[in-house]
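# Commentary on secondary and tertiary structure
Residues per chain are reported as follows:
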Amino acid sequence: MQTHPVRRWLAGVAVVGVLVTVALGAPAAAAPAGTALASVNNVVVASDGPQKFVALSLLGYPSERPVGTYRVRVDRSAVTDFATVEQGLDPDVCTTEGAVLDCAVTIDSDWGSELLSLAVRAAADAQPGQQGELVFTLTTPDGTTGTYRSTVTIGEGVDLAAEPELTLESSLGGRVEVPLTVLNRGTTTARGLVLYLSGSYGFTPSKRYENCEYSDLDLDDSSFACTFDNSLAPGESLRVDPTFGGTVPADSWAPNRHLSNAVWFTPADWAAFRPGLGSTGPLGPKGDDEALTLVPVGGTQARALGQTDTNPHDNETRITLTVDGDQRGDVAAEGTTVTGAVGDTAAMRVGYLNNGPASAGPNGQQGLNVEAIVTLPANVTAVTAPQSCVDQDEDEWRPGKPGARVYVCFARGTISSGERLSFEFDVRIDRAGGKGGTVRLHTFNGDGPVKDLNPANDTAKIQLEISGGGGGSLPITGASTGLIAGIGLVLIVAGALGYLLARRGRIRFIV
């Protein structure tokens, strides 16, 4: 799973301790459409609130970025009347001339996405509603230039808080109520609230409300955001109505433990946080059920724009759901036969089948996660590889890299009983005599390696059969995987699920 975005956001507004910045605002387009080199986030700060960070982040994978020195010119003139903007915790790479920062950052091939971060703090006499832009001019080592803009807004400070922990229990197919609450610990009425919940796919919403946006059901979690017009006066608290809950899928692996995170935002803070989840639009479609409400409802229904939380570190509730039962599953590796003449390029489809009864995939801390380790036969070269596969022997993360000998392949989403998952390669037959091709499944959960119901079928062979009399054939049998192609990759944590979710590759589920 991905690094939890809420924790990254909270770290980005920390006042003390280790500060980590993330892109929170709408990515700002650069140069011509489709040629953006970077993105930069917007921030909302309050005079009685913590500093926040504006991060200029490079787009694309590391291998696509020029290595060398990047020049960044930051014009702060439009915000100096109400905010201070200074270099963050990065090494001292900037010089100052009036309202302009002139920065030079040298990166190598292992550099992450963030190029430069700036700390933003509201002036003591700043007034809610004041707003201006930071203008970033970026020049890459190859001379390409782009301009990016970050909006800095002064907000009215409020202080929302939530219970830090919520422990729940259920069983397979069971429904459990989730009594989330929010408290106003500040001295200013909060007008308008947003509840964001990102949870395990094994803990899906029992209802889909008309005031909530739901992420793609094909993804690994049940992320959604609900918007409320309620006002929350100082000292008051509200909770979601009793219809709010989750249902454990009957085909889940059990026993299991599902982890979720619920966070309360002001509307302005949600607007700043939302693009960090991947886009500036809705999370997904709204539900059809009657709107979720907060009880008791008090205060006016007027919404105030521009409020920001002065202590966002206490807004999150960590939900732990323990599911009892005894249900496991079996995944079986599937090899294939590659046929062609020497010099030909042929399709190679390999993968695995879930024999059930439990589903597989990143579904809970005790769920069955699967890596398919694909070893190509000798004398065969991968010309193309799925974006869901990486070179096992390379430190750099390069999905779909051709030419590797051993690939580690992942699939994003739950694989139900009876579903087959395959990865499609194009391979060139260099010489006859190619042996040693295998598909081996590595099965594990959040605590480490774990066996499925039948470990004996976790390895299958890949055969190479030369046609047209070009050196004979190698009669190594392997099951064909049939049709397949297209869904994404997952970053599965070792111990708590950990490779990076990335782009969709040529794989799909077949029932």
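Parameters and conventions
- Residues numbered from 1 in each chain as written.
- Predicted model: local features only at pLDDT ≥ 70, side-chain atom pairs only at ≥ 80, totals over all residues.
- Heavy atoms only, no water.
- Patch = residues over 30% accessible without salt bridge, like charges linked within 9 Å, V, L, I, M, F, W, Y side chains within 5 Å.
- Areas by Shrake-Rupley, 256 points an atom, 1.4 Å probe, with all protein chains shown as cover.
- Salt bridge = Lys/Arg side-chain N within 4 Å of Asp/Glu carboxyl O.
- Lys, Arg positive; Asp, Glu negative; His and termini not counted.
- Charge placed at Lys NZ, Arg CZ, Asp CG, Glu CD.
- Helix = DSSP H or I, 4+ residues; strand = E, 2+ residues; numbered from the N terminus.
- Core = buried A, V, L, I, M, F, W, Y, C linked by side-chain atoms within 4.5 Å.
- Buried < 20%, exposed > 50% of the residue type's maximum accessible area, 1.4 Å probe, protein only.
- Disulfide = S-S within 2.5 Å.
- Pairing = 2+ DSSP bridges.

## Some remarks on a negative patch on the surface
A surface patch of negative charge is lined by Glu 210, Asp 288, Asp 289 and Glu 290. Mapped onto the fold, Asp 289 is located in the loop between helix 2 (267-273) and strand 23 (294-295).

## A word on the nonpolar core
Within the largest apolar cluster, 35 residues are counted, with the highest numbers of intra-cluster contacts made by Met 348, Tyr 352, Val 374, Tyr 407 and Phe 425. Where this core is concerned, the elements lending two or more residues are strand 26 (329-334), strand 28 (345-357), strand 29 (369-375), strand 30 (380-384), strand 32 (406-409), strand 33 (420-429), strand 34 (437-445) and strand 36 (459-466). Here this core takes 5 residues from strand 33, the largest share from any one element.

## Regarding the state of the cysteines
Overall, the coordinates contain 3 disulfides when judged by the stated rule. Here Cys 94 connects covalently by a disulfide to Cys 103, the sulfurs 2.0 Å from one another. Handedness here is read from the sign of the S-S torsion; for Cys 94 and Cys 103, about 105°, the answer is right-handed. For Cys 94, a relative accessible area of 12% translates into the label buried. Across the disulfide, Cys 212 is cross-linked to Cys 226 (sulfur-sulfur distance 2.0 Å). Between Cys 212 and Cys 226, the disulfide has an S-S torsion of 105° and is therefore right-handed.

## A word on the sheet that holds strand 17 (residues 204-205)
Strand order in the open sheet formed by 3 strands is 14-21-17, with antiparallel pairing between adjacent strands. The sheet is open, and its two borders are formed by strand 14 (175-177) and strand 17, each paired with just one other strand. Bridge count between strand 14 and strand 21 (residues 245-247): 3 bridges; the pairing is antiparallel. Considered in strand 21, the bridge of Glu 177 is made with Gly 245.

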